[in-house]
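Residue-level listing of the chains:
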Amino acid sequence: MSANLPLFWQFWVAGLTIISLIFLAILVARVYFPGSQHAEEEVVWDGDLVEGVSPPPSWWFWLIVSALFFSVIYMIFYPSLGNYNGLFDLTTAKRYTESKENIDNKYYKKLAKLDSLDSKSLQKNAQAMQLASNIFAQNCSACHGKNALGQNAFPNLTDENWQWGGANSQIIQTITNGRTGSMPAWKAILGDENVTKVAAYVKSIKTINAKKDKSHAEGKAKYQQFCIACHGANGKGNPALGGVDLTDNIWRFGGDLESIKHSIALGRSGIMPAQKDRLSTLQIKLLAAWLQKSSQPQK
Amino acid sequence: MLKLHKTIESNSALLIFGILIVASIGGFVQILPNLFDESLRKGVENLKPYTALELTGRDIYIREGCVGCHSQQIRPLVAEVMRYGKKSVSGEFIYDRPFLWGSKRTGPDLARIGGKYSDKWHKLHLIKPQSVVPESIMPAYPWLAKTQINANSIQAKLQLLQKMGHPYSDLQIQNAKQNLTSKTEMQAIIAYLQVLGTY
């Protein structure tokens, strides 16, 4: 029963339950021990044909009696009458707390020592890394893929490139509070022609011997006017703003000229949801250590 | 006793009445008192009624039968709370008519799915679940992205809910149809999913 009924309804519940039990008991007693009333009621047909009186089988009687007995015992020990929780004092809230304590003692107490370790020691702890990999599989793999390799423009977390910074504290920040990456659409400002020029410049930004013709120079000029705020003068990006590195070989949205043009013209966005309400600080700490360990320069 | 027995048995109206009384005692004890428990009817803090777009998404959720495989109720069991978040309470469902608790979990519980994934993930996932979760057995719902919302009945729906006590302003109802123009069903259902469990 609900644990906070008003007084009237407590009496209502308890009263109805007890009255129906008593009524049942009386009914059973009257059926099995009818007394002498029956003789008068007996109807006789054809001189000797009578219905006769034969009570229901006795095992039936004992079944009902034991069921009644059981109900009374049950009501004493278990929650049944109004707000009465029974001698066992059972409530769902209490049952939850107890099993939570049980799990904490059996399992999380053992993990408490991980809390005091720094990320370097966590990375050397095989058990901790296994745990982190499980946490990742359960909570992160839907977007970032099973082995953190990324999929569908959800970033690969195993390369050395970190849009929001690869330091331990930065990764923890990213997981805890999420990130909102937003590349604005430049089509209206730059125009189609300039979008193509900037795209071509961006594609060749790391090429030292790029053909330095007029178009390249114009692209570079526009880049320096509009793009350097986030992507930096040398195209190395800026983790504080989520400006990605344009000089590596990692292209979330495609590195061919058409894809780059699309990214510049129409913009891109990427949202990392905050996990602070879903993961504990220890879980996030483990994840950050594990991710740093799996992050390797691309061959 | 036997006389009473005979009276009841030989009068069918009385017999029907008696059966009804006996059969409803369980309901009188288990159901009736809860109808007068004010604490069950009070909304949780900061809970807002569904916007026109979210409400449309909810109707699509119902139409597509999502409730057949996804529950929206986190039971007070440790394993569930660890996986899905804090347990569900009745005050979270006061704007759900009817509630979509569901009774079967072929897929995961969705009571607190809001904010867990980005809108983009939901879109990819609904168009082809296996593109983001390869082992998923969820069917694809690609038509949601191609279908425009039918906004013809949204104002009537909101007006009805307003009459039933949902705090919609007249302005909200007036603008409802406009808010849905040129929106796809995909946008509506994502808006609905993203609001689940966030308050």
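Scroll up for the structure.
Calculation notes
- Residues numbered from 1 in each chain as written.
- Chains lettered and ligands numbered in written order.
- Predicted model: local features only at pLDDT ≥ 70, side-chain atom pairs only at ≥ 80, totals over all residues.
- Heavy atoms only, no water.
- Helix = DSSP H or I, 4+ residues; strand = E, 2+ residues; numbered from the N terminus.
- Rg over C-alpha atoms; globule rule 2.2 N^0.38 Å.
- Buried < 20%, exposed > 50% of the residue type's maximum accessible area, 1.4 Å probe, protein only.
- Contact = heavy atoms within 4.5 Å.
- Areas by Shrake-Rupley, 256 points an atom, 1.4 Å probe, with all protein chains shown as cover.
- Lys, Arg positive; Asp, Glu negative; His and termini not counted.
- Charge placed at Lys NZ, Arg CZ, Asp CG, Glu CD.
- Phe/Tyr/Trp six-rings, centres within 6.5 Å; stacked < 30°, edge-to-face > 60°.
- Polar contact = N/O pair within 3.5 Å; in protein donor to acceptor, adjacent residues only side chain to side chain.
- Core = buried A, V, L, I, M, F, W, Y, C linked by side-chain atoms within 4.5 Å.
- Expected span 1.5 Å × (residues − 1).
- Arc of directions from axis to C-beta.

J.: When you look at the overall build of chain A in this model, what are you seeing that I'm missing?
T.: Counting secondary structure elements, chain A contains 13 helices and four strands. In terms of C-alpha radius of gyration, chain A reaches 38 Å, well past the compact-globule figure of 19 Å for 299 residues. Considering chain A as a whole, with its 299 residues, one finds that 32% of them fall into the buried category. Contacts spanning at least 24 positions in sequence make up 61% of the contacts within chain A whose residues lie at least 6 apart. Carbon and sulfur atoms provide 61% of the accessible area of chain A, an area that totals close to 18400 Å². Placing the 30 positive and 23 negative side-chain charges of chain A at their respective mean positions leaves the two points 22 Å apart.

J.: Hey, could you run me through the packing of aromatic side chains in this one?
T.: Within a pair of aromatic rings, the relevant descriptors are the distance that separates the centres and the angle that separates the planes. Residues and elements named next belong to chain A. A complete count under the given rule lists 22 aromatic pairs over all chains for this structure. Ring geometry for Y74 against Y78: centres 4.6 Å apart, planes inclined by 15°, an arrangement best described as stacked. Take Y74: its relative accessible area is 37%, and that puts it in the partly exposed class. Plain terms: the ring middles of F136 and W290 are 5.0 Å apart, the flat faces sit at 40° to each other, and that makes the pair tilted.

J.: Sorry, what's going on with the side chain of T247(A) here?
T.: Residues and elements named next belong to chain A. Secondary-structure assignment places T247 in the loop between α11 (228–231) and α12 (257–266). Separated by 3.4 Å, the side chains of T247 and K236 make a polar contact. In contact with T247, other than residues within four places in its own chain, are I205, K206, N234, G235 and K236.

J.: Help me out: how do you make sense of the environment of Q163(A) in this one?
T.: All names here are of chain A. Looking at the secondary structure, you find Q163 in the loop between α7 (141–144) and α8 (168–177). By relative accessible area, Q163 is classed as buried at 18%. The sequence separation of Q163 and G237 amounts to 74 residues, and the corresponding C-alpha distance is 8.1 Å. Filtering out sequence-adjacent residues up to four positions away, Q163 remains in contact with N238, P239, G242, V244 and R252. A distance of 2.9 Å separates a polar side-chain atom of Q163 from the backbone oxygen of G242. Within the structure, the side chain of Q163 is placed 3.1 Å from the side chain of R252, a separation counted as a polar contact.

J.: Just to check I follow, could you spell out the nonpolar core for this structure?
T.: Nonpolar side chains tend toward joint burial in soluble globular proteins. Counting 38 residues, the largest nonpolar core has Y61(B), W121(B), I154(B) and L158(B) as its most contacted members. At the level of elements, α7 of chain A together with α5 (52–63), α7 (119–127), α9 (154–163), α10 (170–179) and α11 (185–195) of chain B are the ones that each hand at least two residues to this core. With seven residues, α11(B) is the largest single contributor of residues to this core. Apart from the residues within four sequence positions on either side, W121(B) is in contact with A142(A), C143(A), F154(A), V132(B) and V133(B).

J.: Can you help me understand helix α6 (residues 126–139) of chain A in this one?
T.: Count 3.6 residues to each turn of an α-helix, and residues three or four apart come out pointing the same way. All names here are of chain A. Taking 1.5 Å per residue, 14 residues should reach 20 Å; α6 reaches 20 Å between its end C-alpha atoms and fits that length. Residues of α6 that are buried include every one of A128, M129, L131, A132, I135 and F136, and no others. The arc that holds the buried residues of α6, viewed along the axis, is 160°, so those residues lie on one side. In this structure, α6 carries A126, Q127 and Q138 as exposed residues pointing more than 90 degrees from its buried face. Elements that come into contact with the buried residues of α6 comprise α4 (92–115), α5 (119–124), α7 and α13 (281–294). The N-terminus of α6 is capped by N125, whose side-chain oxygen sits 3.0 Å from the backbone nitrogen of Q127.

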